[in-house]
Amino acid sequence: MRRPPLALVALLSGGCAILRPVARSSMTPRVTYAEEEPPAAPDYADDGSWSALPDRDDAGDPLPDGVEGVDQRRAPADVFYVHPTSYVGKRWNGPVDDPKVNADTDRVATGIQAPAFNGCCAVYAPRYRQANGTAFIDVRPDGERAVDLAWEDVRRAFEAFQARRGPDRPFVLAGHSQGSVLAERLLYEVIAPGPLREQLVVAVLPGGSVTTEGLREHGLEPCATPDDLECVVAWNARGPRYRPHGFDLQRPDTREHLCVNPLTWRDDGEPATTDANLGAVFLEDEDRSVRPGFADGQCIDGTLVVTHLEHAPRDLPSRILDGVLGPQNYHPIEVQMVFMNLRENVDHRVDLYLHR
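What counts, and where the lines are drawn
- Residues numbered from 1 in each chain as written.
- Predicted model: local features only at pLDDT ≥ 70, side-chain atom pairs only at ≥ 80, totals over all residues.
- Heavy atoms only, no water.
- Disulfide = S-S within 2.5 Å.
- Helix = DSSP H or I, 4+ residues; strand = E, 2+ residues; numbered from the N terminus.
- Buried < 20%, exposed > 50% of the residue type's maximum accessible area, 1.4 Å probe, protein only.
- Pairing = 2+ DSSP bridges.
- 1 Å grid on protein atoms, 1.4 Å probe; cavity = no way out; pocket = protein on both sides within 12 Å on 5 of 7 lines; lining within 4 Å.
- Points joined across faces, edges and corners; volume = space filled by probe spheres on them.
- Nonpolar A, V, L, I, M, F, W, Y, C, P; charged D, E, K, R; others polar.
- Expected span 1.5 Å × (residues − 1).
- Contact = heavy atoms within 4.5 Å.
- Polar contact = N/O pair within 3.5 Å; in protein donor to acceptor, adjacent residues only side chain to side chain.
- Axes fitted to C-alpha atoms, helices over the stretch in contact; angles between N-to-C directions.

Taken as a whole and judged by the stated rule, the model has two disulfides. There is a disulfide in this structure between C259 and C299, and the S-S distance comes to 2.1 Å. Linking C259 and C299, the disulfide has an S-S dihedral of approximately -70° and is accordingly described as left-handed. Pair noted here: C259 is in the loop between β7 (237-238) and β8 (298-300) and C299 is in strand β8, with a separation of 40 residues, a long-range link. Given a relative accessible area of 6%, C259 falls into the buried group.

Right, let's get into unusual backbone geometry. Trans is the common state for peptide bonds, and a negative phi is the common state for residues other than glycine. The backbone phi angle of D168 is positive, close to 65°, even though this residue is not glycine. By secondary structure assignment, the location of D168 is in the loop between α4 (141-164) and β4 (171-175). In the Ramachandran plot, E230 falls in the positive-phi region, its phi being about 55° despite a non-glycine side chain. Position of E230 among the secondary structure elements: in the loop between α6 (212-217) and β6 (231-233).

The strand order β7-β9-β8 describes an open sheet built from three strands, whose pairing is mixed. What marks the edges here is a single partner per strand, and that holds for β7 and β8. Here two bridges tie β7 to strand β9 (residues 303-305), and the two strands are oriented parallel to one another. The residue bridging R238 from the neighbouring strand is V305, located in β9.

Going through the model one piece at a time under the given rule, you end up with three cavities of 30 Å³ or more. Estimates place the volume of the largest cavity at around 50 Å³. Lining of the largest cavity is provided by Y81, Q113, F117, A174, G175, V204, P206, V335 and L342. The residue inventory of the lining of the largest cavity, partitioned by class, reads seven nonpolar, two polar and no charged.

Let us now look at helix α8 (residues 339-355). With 17 residues, α8 should reach 24 Å at 1.5 Å per residue; the first-to-last C-alpha distance of 25 Å fits that figure. Buried within α8 are the following residues: F339, M340, N341, L342, R343, N345, V346, R349, V350 and Y353. Of the surrounding secondary structure, the elements contacted by the buried residues of α8 are β2 (77-82), α3 (99-113), β3 (121-126), β4, β5 (200-204) and β6.

Inspection of the secondary structure assignment puts H176 in the loop between β4 and α5 (178-191). At 3.3 Å, the side chain of H176 forms a polar contact with the side chain of Q113. Within the structure, H176 has its side chain in polar contact with the backbone oxygen of H331 (distance 3.3 Å). H176 has contacts with V82, H83, P84, Q113, P206, G207, H331, E334 and V335, leaving out every residue within four places of it along the chain.

Moving on: the sheet that holds β4. Within the open sheet, the six strands sit side by side as β1-β3-β2-β4-β5-β6. Their pairing is mixed. In this open sheet, the two strands that pair with only one neighbour each are β1 (50-52) and β6. Each adjacent strand pair in this sheet contributes to an overall mean axis angle of 20°, direction not counted. Inspection of the sheet shows β4 paired to β5 by four bridges, in the parallel sense. Bridged to F171 within β5 is L200. The strands touched by α4 within the sheet are β1, β2, β3 and β4, with β2 carrying the most contacts at an inclination of about 165°. Strands in contact with α8 are β2, β3, β4, β5 and β6; relative to β5, the strand with the most contacts, it is inclined by about 160°.

Structural data, given as structure tokens:
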């Protein structure tokens, strides 16, 4: 295996104190939002504006070794999945016509998370003009405008999603990180106030800023059991010795995050051992096998605290990201570490919805 350059090894070993300012500088826009021409808007009537669609082979289709998926063209339900940040450039909003950005989205975002839903659902995953990552760690007016542009794309993509699929079909809303932030707003402003709420099976929004109080302000509830419908699950995974820093999600709502334990699907503080973990899956790795017992978890003060975690496969860019985020920040693998629990439970909830 080819070894990384010595300078990079030294940078990694230097720890977060070196990595964070370098990463911050590499992604911070050099002009104001008003001084920058936004990228061209995606056309969601064009299949090229989607990372995944149910009627083609794409990033929504990979499967863990030995696991079967549904024929998405005949699936009884749909998932609208909003991918996390894959753009790391200096623009306020990332382009949707850049082949490298799109390839990164398909490989390390949609391709490793959205397949958790292809056991029950037809997968729809739009591309969108992602907000620069600094908009989520340093909330300022320019960053909020970038988030608003990304949200407008997601809103239009959801309208196209409704037009592409059959009427009255149940659906799952899903996202991660930036995708969860945008999907949460979609839930509050578009889905919850109208008839689409009755078609919602469950919203799966890990790695974002969902709060119990925020849900209830919009007439929604956390999922309290594995069988609940029209409810919301969310979690942010950290180790017991994790300490917050400048690269944490800093959204305006500072209330305690919602934590529904993805090993038990309950919003209580009961611990779940590794025996409850049906298996992590890392589709970005050559080894796509299911890894049972990968992690434990307990919801404590709004955080999924993980005290036991097996080794996760991480390539060099992922190791750099881990260094920036700091020790025991499991944000990058919040979906992969509970992949089979998520897959089994969403399948179960869809089945309950269809037969209730």
